[in-house]
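# Overview (structure and organization)
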Amino acid sequence: MDILAMHISNGIINGPVAAVFAAIALAAMAFCVARGRQDLDDRLAPMAGLVAAFIFAVQMLNFPIFTAGVSGHLLGGALAAMLVGPWVGALCVAVVLVVQALVFGDGGVAMLGLNITNMAVIGIAVAYLLIALLLRVLPRTPTGLAVTAFVAALVSVVVAAMGFVLQYWLGGTTDLGGNLAGLAGTMAVSHLFIGIGEGLITATTVVTVAKVRPDLVYALRALKPAAPASAPVVGGVK
């Protein structure tokens, strides 16, 4: 039986497309390093380590999606975006992907740019944009925070999966016989269910942290309410 590799394995996408996305990922990570330095403090640094370890653990749970080289799994992008912010969060996800590829053979080394673009760039960006929007319109109560985390996680997982569909359209090495829509549908439906599970985990984790140490939730510190909330604020953070 073939061993199922996580993420995109070598040979799934052709070399030129992989090289383009490697350049995109490298530029994005360089930008995140520059912006992330401004955020790092005594609270964020240890939290980043914990977030990276958590993401590494949850990504070990994976499910076959397309051939023996692609799988679906929890991403952890929304959790990272909420707890450590988009810049450090993207770096956490990228570091996890590099370690998985180099040490455990999960995802092809030549495909790192593709995987980092999908999970660390697209996934984090979509998650944080939704977080920024929802935290300005929803009350900062446990329920409001849970809804924010759930929606951000669910949507970011599905959109990140669609990133692979785009990449396969640009440079997939297997002829699907014009059935790209079938691949997109399979990825969307599979990751919708994965996103629901990730949303529940993300919501539970973020609300738990916010109740005990709201100062450790980056999104609550960085994103100010649009107007004073009439409902109680999670952990007393405004």
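Scope of this entry: the structure provided in the associated data block. (Residues numbered from 1 in each chain as written. Predicted model: local features only at pLDDT ≥ 70, side-chain atom pairs only at ≥ 80, totals over all residues. Heavy atoms only, no water.)

## Quick word on the nonpolar core
- With 55 residues, the main nonpolar core has Met29, Leu83, Val84, Ile116, Ile131 and Leu145 as its most contacted residues.
- Every element with two or more residues in this core is listed here: α1 (15-39), α2 (44-58), α3 (77-103), α4 (112-137), α5 (142-171), α6 (180-212) and α7 (218-222).
- Top contributing element to this core by residue count: α3, with 15 residues.
- Beyond its immediate stretch of four places on either side in the chain, Ile116 contacts Ala25, Met29, Ala94, Leu97, Val98 and Val121. (Core = buried A, V, L, I, M, F, W, Y, C linked by side-chain atoms within 4.5 Å. Buried < 20%, exposed > 50% of the residue type's maximum accessible area, 1.4 Å probe, protein only. Helix = DSSP H or I, 4+ residues; strand = E, 2+ residues; numbered from the N terminus. Contact = heavy atoms within 4.5 Å.)

## Concerning the environment of Ile194
- Positionally, Ile194 belongs in helix α6.
- Between the alpha carbons of Ile194 and Leu154 there is a distance of 7.9 Å; along the sequence they are 40 residues apart.

## A word on a nonpolar patch on the surface
- A grouping of Val95, Val99, Leu102, Val103, Phe104 and Val109 is seen on the molecular surface, where their side chains present a nonpolar patch of about 540 Å² in accessible area.
- By the secondary structure assignment, Val95 is in helix α3. (Patch = residues over 30% accessible without salt bridge, like charges linked within 9 Å, V, L, I, M, F, W, Y side chains within 5 Å. Areas by Shrake-Rupley, 256 points an atom, 1.4 Å probe, with all protein chains shown as cover. Salt bridge = Lys/Arg side-chain N within 4 Å of Asp/Glu carboxyl O.)

Shape descriptors only; they carry no functional weight alone.
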